[in-house]
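Architecture at a glance
Okay, here's what each chain looks like letter by letter:
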Amino acid sequence: TMDITQNILIQNSLKNQYQLLEDIIDSVPARVFWINVDGVYQGGNNLFLQDAQIGSKEELIGKTDFDLPWGEGYASTYRSDDVEVMNSGDTKHLSEYEELDQNGNRVIWQSCRVALKDSTGVVTGLLCVYEDITERRLNEEVLHEQKDTLHHQAHHDDLTSLPNRALFQQRLNNAIIEGNKHNKPFALLFIDLDQFKQINDSLGHDVGDLVLQEVAERLQTHIRQEDCLARIGGDEFTILLNSFNSNQDVSLFTQRILENIKEAIQIDGHTFYLSCSIGISLYPNDSTSTEELLKFADTAMYRAKNQGRNNAQFYTNDMTIAAFEHVAMQSSLNQAIKNKEFIVFYQPKVNAKTNHVTGVEALVRWQHPTMGLVTPSQFVPIAEEMGLIVELDRLVMKQSALQMAEWRKQGVNPGVLSLNLSPKQLEQPDFMAFVMEILQETQCQPEWFELEVTENELMQNLDEMQTKLSEIQELGIQISIDDFGTGYSSLAYLKRLPISKLKIDKTFIKDIVDGGDDAVITKTIIMMAHNLGLDVIAEGVESIEQRDFLVANGCENIQGYLYAKPMPANKLVTYLNDKKPSRPARF
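Since the structure is predicted, the reported quantities are computational estimates derived from the model, not experimental observations. (Residues numbered from 1 in each chain as written. Predicted model: local features only at pLDDT ≥ 70, side-chain atom pairs only at ≥ 80, totals over all residues. Heavy atoms only, no water.)

**Some thoughts on helix H12 (residues 376-385)**
Of all the positions in H12, only Phe379, Ile382 and Ala383 are classed as buried. Down the axis, H12 shows its buried residues gathered within 105° of arc, on one side only. A positive backbone phi angle near 75° is found at Gly387, which sits one or two residues after H12. (Buried < 20%, exposed > 50% of the residue type's maximum accessible area, 1.4 Å probe, protein only. Helix = DSSP H or I, 4+ residues; strand = E, 2+ residues; numbered from the N terminus. Arc of directions from axis to C-beta.)

Here is the structure:
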């Protein structure tokens, strides 16, 4: 007889410890298993048994990965990684496996493998703990995508996906750093669409946005990989033009852009003929400062607008002086209107076949006390900015009407007097009363006058414009569309508005003798005017060849330097009294 009490107690203790260890392993929120050096399973917790689709731990023991559900797909990879750990004796932390489950869904596992050793240090197997981190990784990917999206939104324009002002300034800063290191010049182009605001005002921002996207795509075709095109707001774009050989290269580049933007844009049944003004600053010639390069290019762009739009200007120091003059004009323009510092010049309109003057256009000039005679392109935009255009228009209208009355008393007949009219004038509630007051005060007849309104501006509020212009027509005053062809050129508004004449813009007249698009557009406008029963006149005619082309295609009314420049009232009388004025016609 032997006393085995102690042995029973030890066995019970070991059994309890084993059960405790098993309970601990089963409570771990991860899959746990262990194998011997041959890859044969020696045990695993309940979560692992679920993955292995095995009902009990006893059933698992003795199997390998090739006996389990993942045997055909991933067993070889698992065995290779297990052998690597057991051969090296090192722990392999946080390995990730991306797999597809039975339904084809992504599953991402993260594992930690530890080599098991006996008391002598000999590797006897491997312990692996792994968990499903699919949700965590997918959330991280979503957050990463959101971060990328937010970063893109912070640095790119929503409408065109081009870099925005912030990113462009970063690129510009980098270009300056590279320029300093490698003595590498570059050009900065500031591009502004001419009269784009009228599109938004008349047809809405949806159409305007489509136009901006089209312009962005056109500009994109001109830049290289090393360049940078950005939209910095509204209808303003910038281009960082890296590496060029000469200013001539930059000029040719801008010329291609100008020509491309001029091509017709078709949007939602509308045809637009846009243009742009481009300002250029050069590094390091003009500046080595980000702020100054942008400011100088912007200044040059405004110079391009003042030069008649649809052109490019390099920055010069004189432009900064002109910018200060602009500020000076702003401060003195209001006082100039009160002091009546404005005078009116008159440019004849001539029938090219008969050589008779059919009318004159009133063109305002500012007789500045210190700057001398200032042209409208220099101060009219400022008057519009300052809200003084209505007061200025009325000053010119009244002064011109008084002059017309004086001419008629003297027996001088200049034909119909054309007055440029701002749509803001038409929006004034007392405009018709103002017109009636002028006619009564000067004793002028309504049929002596013609009002010229730019077509783009008419579209801002077509219904109201139709009402007001109809009232003007009922008085006997004619309505003419100025700068026709540069904006909408839509038959819809021509049919609705009480128009008697179309004036072809000088931008088309300039190159009509070359036989290109301008010639085709000009012919089309003339034909359309005749078909609608409207008169047509061409402005900006400077050569006999241009005049001959127009007359041959049915446009006899001419305005331009070929016949006369704008002139003061007294010189116009001399011009009209000349029995043999300049007669370039051969007809």
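**Focus: the sheet that holds strand E5 (residues 123-132)**
Paired through their backbone hydrogen bonds, the strands of a sheet run either parallel or antiparallel. One open sheet accounts for 5 strands, arranged E2-E1-E5-E4-E3; its pairing is antiparallel. Pairing within the sheet leaves two strands with one partner each, and these edge strands are strand E2 (41-44) and strand E3 (92-100). Each strand of the sheet is rotated relative to its neighbour by a mean of 25°, with strand direction disregarded. Looking at chain direction, strand E1 (residues 31-36) and E2 are connected through 3 bridges and run antiparallel. Within E2, the position partnered with Trp34 by the bridge is Gly43. Each of E1, E3, strand E4 (106-117) and E5 is contacted by helix H4 (residues 71-88), which is oriented at about 175° to E3, the strand it contacts most. (Pairing = 2+ DSSP bridges. Axes fitted to C-alpha atoms, helices over the stretch in contact; angles between N-to-C directions. Contact = heavy atoms within 4.5 Å.)

**Thoughts on the pairing of E3**
Here E3 runs beside E4; their pairing, made up of 7 bridges, is antiparallel. When the sheet's bridge partners are listed, Glu98 is paired in E4 with Ile108. Taking the residues between adjacent antiparallel strands as the criterion, E3 and E4 are bridged by 5 residues, where Gly104 takes a positive phi near 85°.

**Focus: the packing of aromatic side chains**
Applying the stated criterion across every chain, the model contains 16 aromatic pairs. Where Tyr78 meets Tyr97, the ring centres are 5.6 Å apart and the plane angle is 90°; that geometry is what we call edge-to-face. Linking Tyr78 in helix H4 with Tyr97 in strand E3, this pair joins segments that are 19 residues apart in sequence. You'll find Tyr78 and Tyr97 in the same group, each marked buried. (Phe/Tyr/Trp six-rings, centres within 6.5 Å; stacked < 30°, edge-to-face > 60°.)

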